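Structural overview
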Amino acid sequence: MFQVYTEKDHSNLTKTMIAEIADIDEAIDFAQKAIEGKPGLRYIVEETTGVFNSYGEQIATVVEESD
């Protein structure tokens, strides 16, 4: 599963999940359209596998992000 986030000005405080999509290509397309024409906004696509760490937080790997 791929989670799509937006983030404003590289600040983790503004990181917001906007979608959860099964296909990587669809997730990247969705992310690119979400930030289109919005300066200062960037996207991050993370892959999750259902594995959790000892704190109960889901482990995710960043697979794509905009500048």
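The following refers to the structure shown. (Residues numbered from 1 in each chain as written. Predicted model: local features only at pLDDT ≥ 70, side-chain atom pairs only at ≥ 80, totals over all residues. Heavy atoms only, no water.)

**A short note on the packing of aromatic side chains**
According to the stated counting rule, one finds zero aromatic pairs in the structure shown. For the cation-ring pair, Lys15 lies above Tyr5, with the distance from its terminal atom to the ring centre recorded as 4.5 Å. (Phe/Tyr/Trp six-rings, centres within 6.5 Å; stacked < 30°, edge-to-face > 60°. Lys NZ or Arg CZ within 6 Å of the ring centre and 35° of its normal.)

**A closer look at the environment of Leu13**
Tracing the sequence through the fold places Leu13 in the loop between β1 (2-8) and β2 (16-21). Measuring from C-alpha to C-alpha, the distance between Leu13 and Gly50 comes to 24 Å, with 37 residues separating the pair along the chain. (Helix = DSSP H or I, 4+ residues; strand = E, 2+ residues; numbered from the N terminus.)

**Let's talk about the nonpolar core**
Ranked by size, the top nonpolar core spans ten residues in total: Phe2, Val4, Ala19, Ile21, Ala27, Ile28, Ala31, Ile35, Tyr43 and Val45. Looking at this core, the elements with two or more residues in it are β1, β2, α1 (24-35) and β3 (41-52). Top contributing element to this core by residue count: α1, with four residues. Residue contacts for Ile21: discarding those within four places in its chain leaves Met1, Phe2, Val4, Glu26, Ala27 and Phe30. (Core = buried A, V, L, I, M, F, W, Y, C linked by side-chain atoms within 4.5 Å. Buried < 20%, exposed > 50% of the residue type's maximum accessible area, 1.4 Å probe, protein only. Contact = heavy atoms within 4.5 Å.)

**Section: the pairing of β3**
Looking at chain direction, β1 and β3 are connected through seven bridges and run antiparallel. The residue of β3 that forms the bridge with Tyr5 is Ile44. Both β3 and strand β4 (residues 58-65) contribute to a ladder of six bridges, which runs antiparallel. Bridged to Glu47 within β4 is Thr61. Linkage of β3 to β4, two consecutive antiparallel strands, is achieved through a turn of five residues, within which Gly56 is found at a positive phi near 85°. (Pairing = 2+ DSSP bridges.)

It is worth stressing that arrangement in space is one thing and function is another; only the former is reported here.
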